[in-house]
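# Structural features, examined
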Amino acid sequence: ENPADPQTALLLGHAHLWTVTARARLDAPDPTITDHLVLADSYFEEAYRLAPDDARIIGWLGSARISLGDIRGDSVLAARGLALLRESVRRRPAFNHFTAGFVLTGYPRESAAFAEGLDHLWRNVDVCSGERDASAEAYTAALRAEGACANSPKAPHNYEGFMLTLGDA
C-alpha cells in the first residue's frame, strides 16, 4: 500500500538480518542463507533513504555492510560499513555505541576490531551513567531510567541484554 514507508523497509531489513543471526539454531544451515544478508542490506539502505534522520538505521546498515564485506573478502565494503557504523555512533551515541560494540566484539579477541567494540561498550556506559567509574547503584539507576539506555515497553530487557553483552565481552 505504501512503498515509501521507511518502517516497512526497516522491518523487512530486520527480518532478513534475524534469519542470518539465527542460523546457528539450524541443524544444517542452507548455504544460500547469506542471501538474507544481501536483502537486509538492501532494505536497510532503502529505509535509510526514506528516513535519513534516523541514526539507528545507519548503524544497522553499517553492520550488514561489515558482514557482507567480511563474507565476500571485500575489505573496501567492510570499511564502508565500519564508516557508517562510526557515523551512527557520532549521530546517536546512546543507541549506536551498543550496536557498534555488539557487532565488533564478535571478532576474535586479539583483533583491533574487538578492542574497538569493547571500547564502544564502555563508552555506552559513559553515555548512560555519565561516568565510567560510577558506583554500581548510580549506573543501575541511570540504566533503569527512561531513555535509550534503559528498559522500555519496546525493549523490556535492554538493561539486562546490555549487561550480558558487556560481561561476555
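Residues numbered from 1 in each chain as written. Predicted model: local features only at pLDDT ≥ 70, side-chain atom pairs only at ≥ 80, totals over all residues. Heavy atoms only, no water.

### Focus: helix 2 (residues 34-50)
To keep things clear, this is the line we draw: Strands are runs of DSSP state E lasting at least 2 residues, helices are runs of H or I lasting at least 4, and numbering of each runs from the N terminus. Helices are assigned an expected span. That span is 1.5 Å times one less than the residue count. Burial here depends on accessible area, computed with a 1.4 Å probe over protein chains only, as a share of the maximum for the residue type. Under 20% is buried, over 50% is exposed, and the range in between is partly exposed. Our arc is simply the arc of the directions from the helix axis toward the C-beta atoms. A contact between two residues is defined here by any heavy atoms of the two lying within 4.5 Å.
Its 17 residues give helix 2 an end-to-end C-alpha distance of 25 Å, which sits within 8% of 24 Å, the value for a rise of 1.5 Å per residue. Taken as a whole, helix 2 has its buried residues at L37, A40, D41, F44 and A47. The buried residues of helix 2 occupy an angular sector of 130° when the element is viewed end-on, so they sit on one face. Of the surrounding secondary structure, the elements contacted by the buried residues of helix 2 are helix 1 (6-21) and helix 3 (55-72).

### As for the side chain of H97
The following threshold applies: N or O atoms within 3.5 Å of each other form a polar contact, as long as, within protein, one can give a hydrogen and the other can take it, and as long as residues adjacent in sequence are counted only when both atoms are side-chain atoms.
Relative to the helices and strands, H97 resides in helix 5 (residues 93-104). Here H97 falls in the buried class, since its relative accessible area comes to 8%. A distance of 2.9 Å separates a polar atom in the side chain of H97 from a polar atom in the side chain of H120. The contact partners of H97, leaving out residues within four places of it in the chain, are V89, H120, L121, R123, N124 and V127.

### Some thoughts on the confidence of the model for the protein chain
This is how it is decided: The predictor rates its confidence in each residue with pLDDT, a number between 0 and 100.
Per-residue confidence for the protein chain gives a mean pLDDT of 89; residues scoring 70 or more make up 89%. In the model of the protein chain, helix 7 (residues 136-144) stands out as the element of lowest mean pLDDT, 63, in contrast to helix 4 (residues 75-91), which has the highest, 97.

### Digging into the nonpolar core
To keep it simple, the criterion reads: As used here, the term nonpolar core means buried Ala, Val, Leu, Ile, Met, Phe, Trp, Tyr and Cys residues forming a set that is joined through side-chain atoms within 4.5 Å.
Counting 14 residues, the largest nonpolar core has L10, L37, F44, A47, I57 and W60 as the members making the most contacts within it. For this core, the secondary structure elements donating two or more residues are helix 1, helix 2 and helix 3. No other element matches the five residues that helix 3 contributes to this core. Once residues lying within four places of it in the same chain are set aside, the contact partners of L10 are F44, A47, R56, I57 and W60.

### Comments concerning the packing of aromatic side chains
Two numbers describe a pair of aromatic rings. These are the distance of the centres and the angle of the planes. For clarity, the cut-off: For Phe, Tyr and Trp, rings pair up if their centres lie within 6.5 Å, where Trp contributes its six-membered ring, and each pair is then called stacked (planes under 30 degrees apart), edge-to-face (over 60) or tilted (otherwise).
This model, assessed by the stated rule, comprises four aromatic pairs. Their ring planes at 85° and their centres at 5.6 Å tell us that W60 and F95 sit as a pair that is edge-to-face. Highlighted residues: W60 in helix 3 and F95 in helix 5, separated in sequence by 35 residues. The class of W60 is buried, set by a relative accessible area of 14%. Through a chain of ring-to-ring contacts, the aromatic side chains of F44, W60 and F95 assemble into a single cluster.

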